[in-house]
Amino acid sequence: IKASLREIKDRGERYGFNSSAPESSSRVTELEQCGIRLGSLFIEDDEFLDLHSTRDELMTRLVEGAPTRTVISFLGMGGIGKTTLARKAYDAKVVKAHFDCCAWITVSQSYNLEKLIGTMAKHLCPEFKIDVIEELIGRLRNFLETKRYLIVFDDVWQVDFWGVIKHALPSNGRGSRIIITTRNDMVTAACQEDSCHLVKK
């Protein structure tokens, strides 16, 4: 645990998220979380060696297998590499070339459903200009019906998240894939169409 904390602190300093000026505790917490999130997204390949085999396995699961829509969940405490693993596979050229459209959505603990759906629509089909969430979900569903899509929902906390978001993601028999990273095992249980757990004790 101490080693992990030191690594997080060093990574935050590397990316410039530590400040010597006094700040409120909420501001410091916000900066620390931002530093950890960016550190996970932009980790260098030489810092990633221990996850290479897991990344390759994930890439295989993304581009091969059944044509049914598949949800792959990564479960574990913060800082173990869930986001890093998902990002490395998501950014791989062979993965991007396999799918018709891709989107990376950071959810976080206090997400706003309307904004989340709007962000997903902006990534996938920016021409949509609908404000009513039910209509936007319907348009997204229609748009994705003929697509092989890959969508990552990073840092999901709420159990009811999948119960709503799944309606925008048709199971269209085209080999679409959804990745969810979470610290909450109830989230993985709620969306267990197909799950792959990355857990570190």
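Residues numbered from 1 in each chain as written. Predicted model: local features only at pLDDT ≥ 70, side-chain atom pairs only at ≥ 80, totals over all residues. Heavy atoms only, no water.

A. Structural context of the environment of Ala121. Structurally, Ala121 is set in helix H6 (residues 113–124). C-alpha of Ala121 to C-alpha of Leu136: the two residues are 15 residues apart in sequence and 7.7 Å apart in space. The contact partners of Ala121, leaving out residues within four places of it in the chain, are Pro126, Leu136 and Leu140. (Helix = DSSP H or I, 4+ residues; strand = E, 2+ residues; numbered from the N terminus. Contact = heavy atoms within 4.5 Å.)

B. Molecular detail of the state of the cysteines. The tally for this structure, following the rule as stated, stands at 0 disulfides. Here Cys102 is not disulfide-linked; the sulfur of Cys101 is the nearest cysteine sulfur, at 6.7 Å. Considering cysteine sulfurs only, Cys101 is the nearest to Cys125, which forms no disulfide, with 8.1 Å between them. (Disulfide = S-S within 2.5 Å.)

C. Structural view of the sheet that holds strand E2 (residues 101–108). Overall, parallel pairing links the 4 strands, which are arranged E1-E4-E3-E2 in an open sheet. Each of the sheet's edge strands pairs with one partner strand only, and the pair in question is strand E1 (70–75) and E2. For this sheet the average axis-to-axis angle between neighbouring strands, irrespective of direction, equals 15°. As paired strands, E2 and strand E3 (residues 149–156) are joined by 7 bridges and run parallel to one another. When the sheet's bridge partners are listed, Ala103 is paired in E3 with Ile151. Of the strands in this sheet, E1, E2, E3 and strand E4 (177–182) are in contact with helix H4 (residues 82–91), which crosses E2 at around 165°. (Pairing = 2+ DSSP bridges. Axes fitted to C-alpha atoms, helices over the stretch in contact; angles between N-to-C directions.)

D. Broad picture of the packing of H6 against helix H7 (residues 133–144). At a minimum axis separation of 10 Å, H6 and H7 run at an interaxial angle of 30°. Comparing the axis directions of H6 and H7 gives the class roughly parallel. For the pair H6 and H7, the sense of crossing is left-handed. For the pair H6 and H7, the contacting residues are Leu113, Glu114, Ile117, Gly118, Met120, Ala121 and Leu124 in the first and Ile133, Leu136, Ile137, Leu140, Phe143 and Leu144 in the second. For the contact of H6 with H7, the class distribution of residues is 11 nonpolar, 1 polar and 1 charged. (Parallel < 35°, antiparallel > 145°, perpendicular 65-115°, else oblique. Left-handed = near helix turned anticlockwise from the far one by under 90°. Nonpolar A, V, L, I, M, F, W, Y, C, P; charged D, E, K, R; others polar.)

E. The environment of Cys101, seen in detail. Looking at the element boundaries, Cys101 is found in strand E2. Its relative accessible area of 11% is what places Cys101 among the buried residues. Taking the C-alpha atoms as reference points, Cys101 and Lys147, separated by 46 residues in sequence, lie 7.2 Å from one another. When near neighbours in sequence (up to four residues on either side) are disregarded, Cys101 contacts Leu124, Phe143, Leu144, Lys147, Arg148, Tyr149 and Leu150. (Buried < 20%, exposed > 50% of the residue type's maximum accessible area, 1.4 Å probe, protein only.)

F. Here's a closer look at the packing of aromatic side chains. Scanning the model with the defined rule gives 3 aromatic pairs in all. Here Tyr90 and Trp104 contribute two aromatic rings whose centre-to-centre distance is 5.5 Å and whose plane-to-plane angle is 70°, an arrangement assigned as edge-to-face. Residue Tyr90 is located in helix H4, and its partner Trp104 is located in strand E2; the two are separated by 14 residues in the primary sequence. Exposure class is identical for Tyr90 and Trp104. Each is buried. Taken together, a centroid distance of 5.7 Å and an interplanar angle of 85° make the contact between Tyr111 and Phe161 edge-to-face. In this pair, Tyr111 is assigned in the loop between E2 and H6 and Phe161 in helix H8 (residues 161–165), connecting sequence segments 50 residues apart. One aromatic cluster is present, formed by Tyr111, Phe153 and Phe161 through successive ring pairs. In this arrangement the basic side chain of Lys147 is found over the ring face of Phe143, its NZ or CZ atom lying 4.3 Å from the centre. (Phe/Tyr/Trp six-rings, centres within 6.5 Å; stacked < 30°, edge-to-face > 60°. Lys NZ or Arg CZ within 6 Å of the ring centre and 35° of its normal.)

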